[in-house]
Amino acid sequence: MKFTKTDIPGCFLIELSAFRDERGWFSRLFCQDTFLKEGIDFQVRQINQSMNKERHTFRGMHMQRPPFSEGKIVRCVSGAVQDFVLDLRLGSPTLLKTSSFHLSENDEKLLYIPKGIAHGFLTLEESSSLTYLHDTNYVPEAEFGVRFDDPAIDLILPYAIRNISEKDVSYPLLSDFKGFKI
Ligand SMILES: Cc1cn([C@H]2C[C@H](O)[C@@H](COP(=O)(O)OP(=O)(O)O[C@H]3O[C@H](C)C(=O)[C@H](O)[C@H]3O)O2)c(=O)[nH]c1=O
């Protein structure tokens, strides 16, 4: 596994090392010790999957408020997505900044998203699925969301959204948001 810093401190792209032969490939998707060696103590509490039928479906931007903030490891297991992270950490030099990554089933990459960072994605192909490892259990009361088009953030979509939940278009705007203490 090769960890590469991103422009959001604490968020890493991780390249997997696949074992290839004439049958195909085999790859380790997660290793607690390897993450620990990179200074990331990630203990899996929940694993989720998101399947999206159509291209240009948007989910996000989601996180859980403290004290239920969650770290996530995201892998695109089918299709392709433009993945987005949004820094909502109090005092972060990149507070309210977004970063974007192309993830696909063929690029053998993981994205590590630390606590205090909201996550979302726009599908680029039909039948695009993401698997998420979470280090915190789901707590409905702690859900927090940011609208993709909130003027307080700099999220730029490569394509217009064709499919989004009512919940994801209804979050209140972030006006005068100072960040969550993580
Ligand atoms: C996350 C979660 C959700 N749920 C329930 C809550 C809703 O009734 C239903 C769908 O949840 P939600 O609308 O939040 O699903 P997405 O819109 O795909 O949100 C997810 O995708 C974005 C991009 C993320 O990064 C979040 O981890 C995750 O919330 O599953 C559960 O029962 N357990 C869970 O762990």
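Before reading further, recall that the structure is shown in the block above.
All figures in this text were calculated on a predicted structure; none of them were measured in a lab. (Residues numbered from 1 in each chain as written. Predicted model: local features only at pLDDT ≥ 70, side-chain atom pairs only at ≥ 80, totals over all residues. Heavy atoms only, no water.)

### Thoughts on the overall build of the chain
Right, on to step 1. Per the secondary structure count, the chain includes 1 helix and 14 strands.
Right, on to step 2. For 182 residues, the compact-globule estimate of 2.2 N^0.38 gives 16 Å, and the C-alpha radius of gyration of the chain, at 16 Å, lies within 12% of that figure.
Right, on to step 3. Each principal axis of the C-alpha distribution contributes one length, and for the chain these read about 55 × 35 × 30 Å.
Right, on to step 4. Relative to its full complement of 182 residues, the chain shows a buried share of 48%.
Right, on to step 5. For the chain, the accessible area works out to roughly 9,500 Å², and carbon and sulfur atoms hold 51% of it.
Right, on to step 6. A distance of 3 Å separates the average location of the 22 positive side-chain charges in the chain from that of its 25 negative side-chain charges. (Helix = DSSP H or I, 4+ residues; strand = E, 2+ residues; numbered from the N terminus. Rg over C-alpha atoms; globule rule 2.2 N^0.38 Å. Buried < 20%, exposed > 50% of the residue type's maximum accessible area, 1.4 Å probe, protein only. Areas by Shrake-Rupley, 256 points an atom, 1.4 Å probe, with all protein chains shown as cover. Lys, Arg positive; Asp, Glu negative; His and termini not counted. Charge placed at Lys NZ, Arg CZ, Asp CG, Glu CD.)

### What about the site of the ligand?
Right, on to step 1. What surrounds the ligand is a group of 13 residues, the closest being Gln46, Arg59, Lys72, His119 and Lys167.
Right, on to step 2. Between the ligand and His119 there is a distance of 2.7 Å, counted from an oxygen atom to a side-chain nitrogen or oxygen.
Right, on to step 3. Protein contact buries 65% of the 650 Å² of open area that the ligand shows by itself.
Right, on to step 4. Put simply, the parts of the chain that give the shell around the ligand at least two residues each are strand S5 (46-52), strand S6 (57-64), strand S11 (117-123) and strand S12 (128-134).
Right, on to step 5. Sort the elements by how many residues they give to the shell around the ligand and S11 lands first, with 3 residues.
Right, on to step 6. Here the shell around the ligand is composed, by residue class, of 3 nonpolar, 6 polar and 4 charged. (Near = heavy atom within 4 Å. Polar contact = N/O pair within 3.5 Å; in protein donor to acceptor, adjacent residues only side chain to side chain. Nonpolar A, V, L, I, M, F, W, Y, C, P; charged D, E, K, R; others polar.)

### What about the sheet that holds strand S1 (residues 2-5)?
Right, on to step 1. Strand order in the open sheet made by the 6 strands is S1-S2-S10-S7-S12-S5, with antiparallel pairing throughout. Because the sheet does not close on itself, it has two edges, and the strands there are S1 and S5. For this sheet the average axis-to-axis angle between neighbouring strands, irrespective of direction, equals 25°.
Right, on to step 2. Both S5 and S12 contribute to a ladder of 7 bridges, which runs antiparallel. (Pairing = 2+ DSSP bridges. Axes fitted to C-alpha atoms, helices over the stretch in contact; angles between N-to-C directions.)

### Quick look at the side chain of His119
Right, on to step 1. By the element assignment, His119 lies in strand S11.
Right, on to step 2. Judged by its relative accessible area of 3%, His119 falls in the buried class.
Right, on to step 3. Of the polar contacts made by the side chain of His119, one reaches the side chain of Asp83; its length is 2.8 Å.
Right, on to step 4. Ignoring sequence-local partners within four residues, the contact set of His119 consists of Arg59, Gly60, Met61, His62, Lys72, Val74, Asp83, Phe84, Ile113, Leu130 and Tyr132. (Contact = heavy atoms within 4.5 Å.)

### Focus on the nonpolar core
Right, on to step 1. Ranked by internal contacts, the top residues of the largest apolar core, which has 16 residues, are Met61, Leu88, Phe144, Val146 and Leu174.
Right, on to step 2. Elements represented by at least two residues in this core include exactly S6, strand S8 (80-87) and S11.
Right, on to step 3. Here the element with the most residues in this core is S6; it accounts for 3 residues.
Right, on to step 4. In this view, Leu88 contacts Met63, Leu95, Leu96, Gly116, Ala118, Phe144, Val146, Leu174, Phe177, Gly179 and Phe180; residues no more than four positions away in its chain are not counted.
Right, on to step 5. Core analysis: the second largest hydrophobic core is formed by 15 residues, Leu13, Cys76, Leu103 and Leu111 among them. (Core = buried A, V, L, I, M, F, W, Y, C linked by side-chain atoms within 4.5 Å.)

### Some points on the packing of aromatic side chains
Right, on to step 1. Under the defined criterion, the tally for this structure stands at 12 aromatic pairs.
Right, on to step 2. Their ring planes at 85° and their centres at 6.1 Å tell us that Phe42 and Tyr112 sit as a pair that is edge-to-face. Placement of Phe42 in the loop between helix H1 (32-37) and S5 and of Tyr112 in strand S10 (residues 109-113) is noted, with a sequence separation of 70 residues between them. The burial state of Phe42 is the same as that of Tyr112; both residues are buried.
Right, on to step 3. Each ring, one from Phe58 and one from Phe84, has its centre 6.3 Å from the other, and the planes form 45°; the classification is tilted. With Phe58 in strand S6 and Phe84 in strand S8, this pair connects stretches of sequence that are 26 residues apart.
Right, on to step 4. Among the residues examined, Phe58 registers a relative accessible area of 1% and is labelled buried.
Right, on to step 5. Among the aromatic residues, those joined into a cluster by ring pairs are Phe3, Phe12, Phe30, Phe35, Phe42 and Tyr112. (Phe/Tyr/Trp six-rings, centres within 6.5 Å; stacked < 30°, edge-to-face > 60°.)

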